Amino acid sequence: MASLVNKLPTPNSPSTSILCQVLIDESTMVRYLDLQSFIVRARVLKLYRQALRTARRAPTHARDELRQTMRQEIEKNRFCDDKQKIRFLISEGLQRLKGLDEMLDMMGHS
């Protein structure tokens, strides 16, 4: 154990700063978003949360499959960078969610 401690770089050595920089670079996979991308991301997350809340109203036997389908739809387009396509997908998702919500209301699931 003592030999391992002796091989570690000292706090003021140049290799320590390089080691720390590498650790910081690898551990922080931060992706900075511009304001518009941040807002679109927030809209997607809001849609997903609404969908999960609506899925709770579905009959018990259909909830898991419904949640899985919702997640697959979101994941399928996770890395889409086309802002116009993302807006279209959000709009389509809201329409489909509204239809599901109305269907659940007609079936008496509240």
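Residues numbered from 1 in each chain as written. Predicted model: local features only at pLDDT ≥ 70, side-chain atom pairs only at ≥ 80, totals over all residues. Heavy atoms only, no water.

Visitor: In this structure, what is going on with the overall build of the chain? I would like to understand it.
Guide: Summing up its helical and strand segments, the chain has 5 helices and 0 strands in all. Seen in sequence order, the chain has helices and strands lined up from the N terminus as α-α-α-α-α. The contacts of the chain with a sequence gap of at least 6 include a subset with a gap of at least 24, amounting to 63%. Just so you have it, the chain exposes about 9300 Å², and 57% of that area is on carbon and sulfur atoms. (Helix = DSSP H or I, 4+ residues; strand = E, 2+ residues; numbered from the N terminus. Contact = heavy atoms within 4.5 Å. Areas by Shrake-Rupley, 256 points an atom, 1.4 Å probe, with all protein chains shown as cover.)

Visitor: Even after reading the chapter, I still don't get the packing of helix α3 (residues 35-56) against helix α4 (residues 60-76), so can you show me in this structure?
Guide: Interhelical geometry of α3 versus α4 gives an angle of 170° and a closest axis separation of 9 Å. Here α3 is positioned roughly antiparallel relative to α4, judged by the angle of their axes. Residues Val-44, Tyr-48, Ala-51, Leu-52, Ala-55 and Arg-56 of α3 pack against Arg-63, Leu-66, Arg-67, Met-70, Arg-71 and Ile-74 of α4. (Axes fitted to C-alpha atoms, helices over the stretch in contact; angles between N-to-C directions. Parallel < 35°, antiparallel > 145°, perpendicular 65-115°, else oblique.)

Visitor: Where do I start with the packing of α3 against helix α5 (residues 83-106) in this structure?
Guide: A packed helix pair is summarised by two numbers, namely the angle formed by the two axes and the spacing between the axes. It is the contact of α3 with α5, at a shortest axis distance of 10 Å, that shows an interaxial angle of 20°. The orientation of α3 with respect to α5, classified from their angle, is roughly parallel. Between α3 and α5 lies a crossing whose hand is left-handed. Side by side, α3 and α5 meet where Gln-36, Ser-37, Val-40, Arg-43, Val-44, Leu-47, Gln-50, Ala-51 and Thr-54 of the first sit next to Lys-83, Ile-86, Arg-87, Ile-90, Gly-93, Leu-94, Leu-97, Leu-100, Asp-101 and Leu-104 of the second. (Left-handed = near helix turned anticlockwise from the far one by under 90°.)

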